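Observations on the model geometry
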Amino acid sequence: SGDWSSDVCSSDLSVGRVISHKKCWQYIIDNRIENCLIIEDNIKVVNEKLFKFDFNEIKRFIHKKSDKPLYITLNAKQIRNGCFYEDNFDKLDNMFYGSNFYYINFKMARFLLNNIIKFEYNLDFEIGNLINKSSKKMNFYNFKTKAIVKNIKLKGDIKKIKTSDRKSTRLNSS
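Residues numbered from 1 in each chain as written. Predicted model: local features only at pLDDT ≥ 70, side-chain atom pairs only at ≥ 80, totals over all residues. Heavy atoms only, no water.

With respect to the overall build of the protein chain
- Along the backbone of the protein chain there are 5 helices and 12 strands.
- Evaluated residue by residue, the protein chain yields a buried proportion of 43% over its 174 residues.
- Accessible surface computed for the protein chain: about 10,500 Å², of which carbon and sulfur atoms make up 53%. (Helix = DSSP H or I, 4+ residues; strand = E, 2+ residues; numbered from the N terminus. Buried < 20%, exposed > 50% of the residue type's maximum accessible area, 1.4 Å probe, protein only. Areas by Shrake-Rupley, 256 points an atom, 1.4 Å probe, with all protein chains shown as cover.)

Brief notes about the pairing of strand β3 (residues 70-74)
- When you tally the buried positions in β3, you get 5 out of 5 residues, the bulk of the element.
- Of the strand pairs in this sheet, β3 and strand β9 (residues 139-143) are connected by 5 bridges, and their pairing is parallel. Note on β9: the bridge partner recorded for Y71 is F140.
- Where β3 meets strand β8 (residues 101-105), 3 bridges bridge the pair, whose relative direction is antiparallel. Paired with Y71 across the strands is I104, a residue of β8. (Pairing = 2+ DSSP bridges.)

Here's the deal with the nonpolar core
- By size, the foremost hydrophobic cluster in this structure holds 25 residues, and its most contacted members are W25, I104, L112, I127 and F140.
- Listed by contribution, the elements that provide at least two residues to this core are α2 (12-30), β1 (35-39), β8, α4 (106-115) and α5 (123-133).
- Element by element, the count of residues in this core is highest for α4, at 6 residues.
- When residues no more than four places from it in sequence are discounted, the contact partners of I127 are W25, Y71, F96, L112, I116 and F140.
- Of all hydrophobic cores here, the second largest spans 15 residues; its members include I43, I72, L74 and Y103. (Core = buried A, V, L, I, M, F, W, Y, C linked by side-chain atoms within 4.5 Å. Contact = heavy atoms within 4.5 Å.)

So, the confidence of the model for the protein chain
- Confidence along the protein chain averages 75 in pLDDT terms, with 71% of residues attaining 70 or more.
- Residue range residues 1-10 is modelled with pLDDT below 50. Its contacts to residues more than four positions away, or to other chains, number 13 contacts.
- When the criterion is pLDDT under 50, residues 156-174 qualifies, and its contacts beyond four places in sequence or with other chains add up to 29 contacts. (pLDDT = per-residue confidence, 0-100.)

Observations regarding the packing of aromatic side chains
- The full count for this structure, using the stated rule, is 8 aromatic pairs.
- An aromatic cluster of three or more residues is present, and its members are F61, F89, Y141 and F143.
- The positively charged end of R32 is found above the aromatic ring belonging to F106, 4.2 Å away from the centroid. (Phe/Tyr/Trp six-rings, centres within 6.5 Å; stacked < 30°, edge-to-face > 60°. Lys NZ or Arg CZ within 6 Å of the ring centre and 35° of its normal.)

Here we look at the environment of R17
- Within the fold, R17 resides in helix α2.
- According to the relative accessible area criterion, R17 is buried, its value standing at 11%.
- Separated by 106 residues in sequence, R17 and L123 place their C-alpha atoms 7.1 Å apart.

What to know about the pairing of β8
- In terms of burial, β8 is largely enclosed, as 5 of its 5 residues are buried.
- Here β8 shows a buried face lined by F101, Y103 and N105 and a second buried face lined by Y102 and I104.
- Bridge count for β1 against β8 is 5 bridges, and the pairing is antiparallel. Within β8, the residue paired with N35 across the bridge is N105.

What follows is the structure, encoded as structure tokens:
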């Protein structure tokens, strides 16, 4: 959606999301996983052929940049326009939101874990703060694709489920 203000506000949901992602990054480090995709449950592939094509383009890009920490989010929105890089890739150079699907390598997981210790904003803005503070040698990118969309049927990190006594209960999906 075009309204990013609800994504910016710190809440129990964004705290839970940061903790979940930090646990993923720690798992990457602990298990020496060199390349990883992190996909939230609200992502839907709407064009499988295009997705496979785009994913191959992303893999070629990863291969070129694999010597440094690398973060590639799909379909994130920058708060201000970024620098055009190549093809469907924009170099992230500022705050952004909407990283529900991203690639991260081992080096970037270690960098993020070492640098996001205390957080005041949602995950995307915390990473955006790091982009602003880090040297421009860091590899933060956004890949634009029409192959995936955020599934609007799911509301953030919380879903309603039916319990056995027919009451609705809210549970974290983490």
